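In case you want the letters, here they are:
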Amino acid sequence: MNVAGIIAEYNPFHNGHKFHLQATRQRTGCDYLAVVMSGSFVQRGEPAFADKFTRARWALSHGADIVLELPTVHALSSANGFAEFGVRMLAATNSVDALSFGCETPDVCALREAANATHDESEEFMAALRAELSSGKSYPRSIYEAAMRCGASERALTALSQANDTLALEYIRALDKHGRHILPVAINRLGAQHDCHEPCNGFASASHLRELLRTGAVDETALYLPSDVLAHYTAHSSTHCAYDEERLVSCLRYELLNRGTDYLASIAGVSEGIENTLMRAACSCSDLGSILKYCKSKRYTMARVRRSLMCVLLGITKDDVLTSRQHGPTYLRVLGVRAAAIPLLSHMCDSASVPLIVKRADAKALSAHALRILEIDSKAHAIRQLISPVSTEIAHDFSEKFTIV
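These remarks concern the structure in this document. What you see is a predicted model, and the numbers here were worked out from it, not measured in a lab.

**Comments concerning the state of the cysteines**
Item 1. All chains considered together, the criterion is met by zero disulfides.
Item 2. Left without a disulfide partner, C30 is nearest to the cysteine sulfur of C103, which lies 18 Å away.
Item 3. Unpaired in terms of disulfides, C295 finds its nearest cysteine sulfur in C285, a separation of 7.1 Å.
Item 4. Taking the relative accessible area as the measure of exposure, C295 reaches 4% and is therefore buried.

**A closer look at the packing of helix α4 (residues 79-92) against helix α17 (residues 318-327)**
Item 1. Taken N-terminus to C-terminus, the directions of α4 and α17 make an angle of 35 degrees; their axes are 11 Å apart at the nearest point. As α4 runs across α17, the sense of the crossing is left-handed. Of α17, the residues touching α4 (which contributes N80, G81, F85 and R88) are S324, R325, Q326 and H327.
Item 2. Split into classes, the residues belonging to the contact of α4 with α17 amount to one nonpolar, five polar and two charged.

**Section: the packing of helix α12 (residues 245-258) against helix α15 (residues 288-295)**
Item 1. For the pair α12 and α15, interaxial distance at closest approach is 10 Å and the crossing angle is 50 degrees. What the angle tells us is that α12 and α15 run oblique. Along the contact surface, α12 presents E245, L248, V249, L252 and R253, while α15 presents L288, G289 and I291.
Item 2. Broken down by class, the residue content of the contact of α12 with α15 amounts to five nonpolar, one polar and two charged.

**Side note on the packing of aromatic side chains**
Item 1. Tallied over the full model, the rule gives four aromatic pairs.
Item 2. For the ring pair W58 and Y233, a centre distance of 5.6 Å and an interplane angle of 50 degrees mean the geometry is tilted. A residue pair is termed long-range when its members are at least 10 positions apart, and W58 in helix α2 (residues 52-61) and Y233 in helix α11 (residues 227-235) qualify at 175 residues. There is no split in this pair, since W58 and Y233 are both buried.
Item 3. Between the aromatic rings of F101 and Y171, the centroid separation amounts to 5.5 Å while the plane-to-plane angle is 35 degrees, which identifies the pairing as tilted. Of this pair, F101 sits in strand β6 (residues 98-103) while Y171 sits in helix α9 (residues 165-178), and the two are 70 residues apart along the sequence.
Item 4. Directly above the aromatic system of Y300 lies the positively charged group of R304, at a separation of 4.0 Å from the ring centroid.
Item 5. Between the NZ or CZ atom of R333 and the centre of the ring of F398, over which it lies, the distance is 4.0 Å.

**Quick notes on helix α6 (residues 123-134)**
Given 3.6 residues per turn, any residue in an α-helix points the same way as the ones three and four places further on.
Item 1. With twelve residues, α6 extends 16 Å from end C-alpha to end C-alpha; this agrees with the ideal 16 Å at 1.5 Å per step.
Item 2. Taken together, the buried positions of α6 are occupied by F125, A128, L129, E132 and L133. Viewed along the axis of α6, the buried residues span an arc of 135 degrees, placing them on a single side of the element. Exposed residues lying more than 90 degrees from the buried face of α6 are E123, E124, R130 and S134.
Item 3. Looking at the buried positions of α6, the neighbouring elements they touch are α5 (108-117) and α7 (139-149).
Item 4. Backbone geometry just after α6 places G136 at a positive phi near 100 degrees.

**Digging into the environment of L76**
Item 1. Its location among the elements puts L76 in the loop between α3 (72-75) and α4.
Item 2. In this structure the C-alpha to C-alpha distance between L76 and E272, which are 196 residues apart in sequence, comes to 19 Å.
Item 3. Non-local contacts of L76, meaning those with residues more than four positions away in its chain, are made with F41, V42, G45, R307, M310, C311, L314 and I316.

**Brief notes about the side chain of S38**
Item 1. Tracing the backbone through its elements, the reader meets S38 in strand β2 (residues 32-38).
Item 2. Here the side chain of S38 touches E9 through a polar contact of 2.9 Å, side chain to side chain.

**Observations regarding the pattern of salt bridges**
Item 1. Under the criterion given, the structure shown has 23 salt bridges.
Item 2. The partner of K52 in a salt bridge is E69, and the shortest N-O contact between them spans 3.0 Å. Placement of the pair is K52 in helix α2 and E69 in strand β5 (residues 66-70), with a sequence separation of 17 residues. For the pair formed by K52 and E69, the shared burial category is buried.
Item 3. D107 is the salt-bridge partner of R155, the closest N and O atoms lying 3.6 Å from each other. Remark: D107 occurs in the loop between β6 and α5 and R155 occurs in helix α8 (residues 154-160); sequence separation between them is 48 residues.
Item 4. Its relative accessible area of 40% is what places R155 among the partly exposed residues.

**Some points on the environment of E400**
Item 1. On the secondary structure map, E400 appears in the loop between α19 (368-386) and β10 (403-404).
Item 2. Residue E400 is classed as partly exposed on the basis of its relative accessible area, which comes to 32%.
Item 3. Each C-alpha atom, one on E400 and one on L335, is 9.6 Å from the other, the two residues being 65 residues apart in sequence.
Item 4. E400 has contacts with F53 and H381, leaving out every residue within four places of it along the chain.

**Description of the pairing of β2**
Item 1. Burial analysis of β2 places seven of its seven residues in the buried class, the great majority of the element.
Item 2. Here strand β1 (residues 3-8) runs beside β2; their pairing, made up of six bridges, is parallel. Within the sheet, the bridge partner assigned to A8 lies in β2 and is M37.
Item 3. What joins β1 to β2 is helix α1 (residues 15-28), and the crossover it makes is right-handed.
Item 4. Here β2 pairs with β5 via five bridges, running parallel. Across the sheet, the residue bridging to A34 is I66, located in β5.

Criteria and cut-off values
- Residues numbered from 1 in each chain as written.
- Predicted model: local features only at pLDDT ≥ 70, side-chain atom pairs only at ≥ 80, totals over all residues.
- Heavy atoms only, no water.
- Disulfide = S-S within 2.5 Å.
- Buried < 20%, exposed > 50% of the residue type's maximum accessible area, 1.4 Å probe, protein only.
- Axes fitted to C-alpha atoms, helices over the stretch in contact; angles between N-to-C directions.
- Helix = DSSP H or I, 4+ residues; strand = E, 2+ residues; numbered from the N terminus.
- Left-handed = near helix turned anticlockwise from the far one by under 90°.
- Contact = heavy atoms within 4.5 Å.
- Nonpolar A, V, L, I, M, F, W, Y, C, P; charged D, E, K, R; others polar.
- Parallel < 35°, antiparallel > 145°, perpendicular 65-115°, else oblique.
- Phe/Tyr/Trp six-rings, centres within 6.5 Å; stacked < 30°, edge-to-face > 60°.
- Lys NZ or Arg CZ within 6 Å of the ring centre and 35° of its normal.
- Expected span 1.5 Å × (residues − 1).
- Arc of directions from axis to C-beta.
- Polar contact = N/O pair within 3.5 Å; in protein donor to acceptor, adjacent residues only side chain to side chain.
- Salt bridge = Lys/Arg side-chain N within 4 Å of Asp/Glu carboxyl O.
- Pairing = 2+ DSSP bridges.
- Right-handed = clockwise from strand over helix to strand, strands pointing away.

The structure is reproduced here in structure tokens:
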């Protein structure tokens, strides 16, 4: 059984993702495709633009065979944490032979060279990085400049300069640590680049599509979304099918004002005294944009502030992240599977080093730590429903019907 893996968010699922699934099958010749996907909240630090079961169904309808949920604790993490835990989940299946990812530099050797040049265990590189950061440069720019100071090759520096290669480098590092038996497969990213606000060659970036959907311009997304995804957003065009920002901010300000700074300092991503800034922002800012601008700094990028705020909302602590990284995956939550891939699900049940969770009863034997991580995912699912523009009642995470396409 030849199985390829993908780590994704599908926020929203678009034609570029469909191309990636097809290209992965062609490049690897795999029998099955397993996807690890973030759930109710995504790595950029916001609620997902559609619920996780809907996004899993889209993935299954367009080429994936099974979708596993990346725990929220790691979905709301830096690129390093996001990539590393995704790789560890694929490795824990004991079924995956290759990891496919899209990037601007589809040269695995160049990516590996760039990953080695920026290794965090290199004293020379870390000293150069600290020097660049202390000069006031952004973290991504500091990485690039530090690598240059340490003599990185031209092709390594080219890889470091590409936005979508950031995750690719983290996947390479994670595979070296936790999945040496898994082959990295780099797929050339076509069309619009990461966060590009203009379509290119028939493709549009997820960030551009979210902006169109957020403003209700669903018709303008028609060329870039599969028909079933477009139909979903067309049906919800009056609510933009995202989340109610006012509800989100009300919940967030309540959490910030109801907790002391000592508690905020224990939250994942909160450090260097930013808990005081967060508290002041909650008092003086009434909308999310103002809160983000108030807290942003050279050391705290907008994405990092957003992730920290979502961790406050969900109560994700530094201990949650640290303990989860120490234990690694303790279960694999299955969001959906294709009917034709039931043999893959059966194989994973037998081969995986941790239990597969399909229904609530499957979680009864989990450890206290594993239950804590699973409960955070259920809380994230409930909060995403709470801040939905069309939310009425809050359904429990496991009340959703298991998706079989």
